[in-house]
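Chain by chain, the residues:
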Amino acid sequence: MAERNRQILLKARPKDRPGPEHFELAETPLPEIGKNEVLVRHRFLSLDPYMRGRMDDSASYAAPVPLGGVMEGECVGEVVESRHPGFAPGDWVGGARGWQLYSAAPGHTVQKLPAVEGVPPSAYLGVLGMPGTTAWVGVTEIGQPKPGETFVVAAASGAVGGIAGQIARRMGCRVIGIAGGAEKCRYVTEELGFDACLDHRGDLGRQLDEACPNGIDVYFENVGGAVLQAVFPRMRDFGRIAFCGMVADYNVRPLPPGPSLASVVRKRLRLQGFIVTDHPRAWPSWREHGAAWVRDGSLRWKEDMAEGLENAPAAFTGLLEGKNFGKLVVKL
Ligand SMILES: NC(=O)c1ccc[n+]([C@@H]2O[C@H](COP(=O)([O-])OP(=O)(O)OC[C@H]3O[C@@H](n4cnc5c(N)ncnc54)[C@H](OP(=O)(O)O)[C@@H]3O)[C@@H](O)[C@H]2O)c1
């Protein structure tokens, strides 16, 4: 009997934790390929935290999986039939082809995997795939650690965190991982070569104080929740946080009160505190631009003028209650 395709479909949207009731196994005929398509027998499927978001129907940077649709995911596999000039049976390819055994893939949706000695095909789903690339971007472009800095990474034994910490170490940082349990922590220090690894199931605040006595320069955030709460107050001046993911919150509904920092990832927000006195070059520059605009009337401004030094305290109290209307100044 000819082999049939098997697919995992999204059957229902979970309210919090996904379970078997939200998935359905379907058997379908093998897809037929059209012009410029290849039939791929998927050999490895990547499972990643982001897929939890695709099960929800809420606004995000990517469309949800429709109910009854094949779950989304990256695969690597072998071309078994080709009607595309760039691919031949036996080629190994990778692409977002979903939770299924076969797919008819338009040639532009898959990439040929380079055959590199010592690199198994599944590595293109992890260390040399999306998670490895995520670590590379998060460390080199967002966190930008400098030699000698203290770099902390959450989910340190995982696909992204394990690579992120190793990259930071190559850049000359002291690297501290955070992971769940002694076995993962041992792997992070002994196998990955991190300088230390802290178990978030213990008293993380105390462990961070001991491991990072001068604070944290760069934090690579993969987890959120209690881990972020422990790390945040220990950031140093001019520290950087690469907000990569918040997996601790993915099954939590409703979310705890307060702004949801998951939006920082979803909307690629840039949050940066600053103090004006750190920017000496801005003062003369702004005077030049601002004065010209004040002179030609194109920059509008307003003063709220209090009279007499004795009225300064009341005016100041009012400022904190919104009673001023414009720049509060006291005429002495
Ligand atoms: N922004 C992007 O483009 C992008 C791309 C890829 C991945 N990501 C994000 O990166 C993060 C890591 O992804 P990954 O693929 O490398 O997964 P992973 O680290 O291989 O697996 C997830 C790990 O998160 C930790 N975790 C889960 N729930 C936790 C909780 N409540 N408290 C503390 N730790 C918890 C667990 O490790 P422990 O047992 O050690 O706690 C778990 O093994 C995720 O947030 C993911 O969404 C973002």
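Residues numbered from 1 in each chain as written. Predicted model: local features only at pLDDT ≥ 70, side-chain atom pairs only at ≥ 80, totals over all residues. Heavy atoms only, no water.

Trainee: Mind showing me how you'd approach the site of the ligand here?
Mentor: Neighbouring the ligand are 20 residues; Val 160, Lys 184, His 200, Asn 222 and Tyr 250 lie closest to it. A distance of 2.7 Å separates an oxygen atom of the ligand from a polar atom in the backbone of Asn 222. Backbone polar atom of Val 247 to an oxygen atom of the ligand: 3.5 Å apart, as the coordinates give it. For the ligand, the accessible surface in isolation is 910 Å², of which the surrounding protein chains cover 73%. For the shell around the ligand, a count of residues per class yields 13 nonpolar, six polar and one charged. (Near = heavy atom within 4 Å. Polar contact = N/O pair within 3.5 Å; in protein donor to acceptor, adjacent residues only side chain to side chain. Areas by Shrake-Rupley, 256 points an atom, 1.4 Å probe, with all protein chains shown as cover. Nonpolar A, V, L, I, M, F, W, Y, C, P; charged D, E, K, R; others polar.)

Trainee: It is not clear to me how the packing of aromatic side chains should be interpreted in this structure. Could you clarify?
Mentor: Each aromatic ring pair is characterised by the separation of its centres together with the angle its planes make. Counted according to the given criterion, the structure contains two aromatic pairs. The ring of Phe 325 is capped by Lys 302, whose NZ or CZ atom sits 4.3 Å from the centre of that ring. (Phe/Tyr/Trp six-rings, centres within 6.5 Å; stacked < 30°, edge-to-face > 60°. Lys NZ or Arg CZ within 6 Å of the ring centre and 35° of its normal.)

Trainee: Can you walk me through the nonpolar core in this structure?
Mentor: Taken as a class, soluble globular proteins show a tendency for nonpolar side chains to be buried jointly. Counting 23 residues, the largest nonpolar core has Leu 208, Ile 216, Tyr 219, Val 227 and Val 231 as the members making the most contacts within it. Secondary-structure elements contributing two or more residues to this core are β9 (174-179), β10 (196-199), α5 (204-211), β11 (216-221), α6 (225-231), β12 (235-243) and α7 (262-266). Ranked by residue count, the leading element in this core is α6, at four residues. Not counting residues up to four positions away in its chain, the partners in contact with Val 231 are Ile 178, Leu 208, Ile 216 and Tyr 219. Counting residues in each nonpolar core, the second largest holds 21 residues, with Val 139, Val 153, Ala 164 and Cys 173 among its members. (Core = buried A, V, L, I, M, F, W, Y, C linked by side-chain atoms within 4.5 Å. Buried < 20%, exposed > 50% of the residue type's maximum accessible area, 1.4 Å probe, protein only. Helix = DSSP H or I, 4+ residues; strand = E, 2+ residues; numbered from the N terminus. Contact = heavy atoms within 4.5 Å.)

Trainee: I tried to follow the environment of Leu 332 on my own but got confused; where do I start?
Mentor: For Leu 332, the position within the fold is in the segment after β14 (327-331). Judged by its relative accessible area of 79%, Leu 332 is exposed. Considered as a pair, Leu 332 and Ala 306 are 26 residues apart in the sequence and their alpha carbons are 8.7 Å apart.

Trainee: Would you explain the UniProt feature "domain: Enoyl reductase (ER)" (unreviewed entry) in the protein chain in this entry?
Mentor: Using the residue numbers shown here, the UniProt feature "domain: Enoyl reductase (ER)" (unreviewed entry) corresponds to residues 19-330. For residues 19-330, the helix share is 26%, the strand share is 23%, and the end-to-end C-alpha distance is 65 Å. (UniProt positions renumbered as here; feature names shortened; annotations may be inferred.)

Trainee: Is there a simple way to think about helix α3 (residues 161-170) in this case?
Mentor: The periodicity of an α-helix, 3.6 residues per turn, causes residues three or four positions apart to be oriented the same way. The buried count for α3 comes to seven of 10 residues, which makes it a mostly enclosed element. Of all the residues in α3, the buried ones are Gly 161, Gly 162, Ile 163, Ala 164, Gly 165, Ile 167 and Ala 168. Of the surrounding secondary structure, the elements contacted by the buried residues of α3 are α2 (130-143), β8 (150-153), β9 and β11. Phi turns positive, to about 95 degrees, at Gly 172, one or two residues after α3.

Trainee: Even after reading the chapter, I still don't get the domain arrangement of the protein chain, so can you show me in this structure?
Mentor: Domain annotation of the protein chain identifies domain 1 (5-125), domain 2 (130-273) and domain 3 (282-331). Computed from C-alpha coordinates alone, the two centres of domain 1 and domain 3 are separated by 60 Å. (Domains from an automatic or database assignment.)

Trainee: Sorry, what's going on with the environment of Gly 202 here?
Mentor: Topologically, Gly 202 is positioned in the loop between β10 and α5. Taking relative accessible area as the criterion, Gly 202 reaches 40% and is therefore assigned partly exposed. Sequence-wise, Gly 202 and Met 235 are 33 residues apart; in three dimensions their C-alpha atoms are separated by 20 Å.

Trainee: Just to check I follow, could you spell out unusual backbone geometry for this structure?
Mentor: Most peptide bonds are trans, and most residues other than glycine sit at a negative phi. That bond from Arg 253 to Pro 254 is cis: its omega, -5 degrees, falls within 30 degrees of zero. Relative to the elements of secondary structure, Pro 254 occurs in the loop between β12 and α7. The phi dihedral of Ala 155 is positive, around 45 degrees, even though this residue is not glycine. Relative to the elements of secondary structure, Ala 155 occurs in the loop between β8 and α3. The phi torsion at Phe 238 lies on the positive side, around 65 degrees, for a residue other than glycine. Topologically, Phe 238 is positioned in strand β12.

Trainee: Is there a simple way to think about the sheet that holds β8 in this case?
Mentor: By way of backbone hydrogen bonds, the strands of a sheet pair with one another, either parallel or antiparallel. One open sheet accounts for five strands, arranged β10-β9-β8-β11-β12; its pairing is parallel. Each edge of the open sheet is held by one strand with a lone partner, namely β10 and β12. Sheet twist, expressed as the mean angle between neighbouring strand axes with direction ignored, is 20 degrees. Bridge count between β8 and β11: three bridges; the pairing is parallel. Within β11, the residue paired with Phe 151 across the bridge is Val 218. Against the sheet, α3 contacts β8, β9 and β11, and its axis sits at roughly 170 degrees relative to β8. Sheet strands in contact with α5 are β9, β10 and β11, and its direction is about 165 degrees off that of β10. (Pairing = 2+ DSSP bridges. Axes fitted to C-alpha atoms, helices over the stretch in contact; angles between N-to-C directions.)

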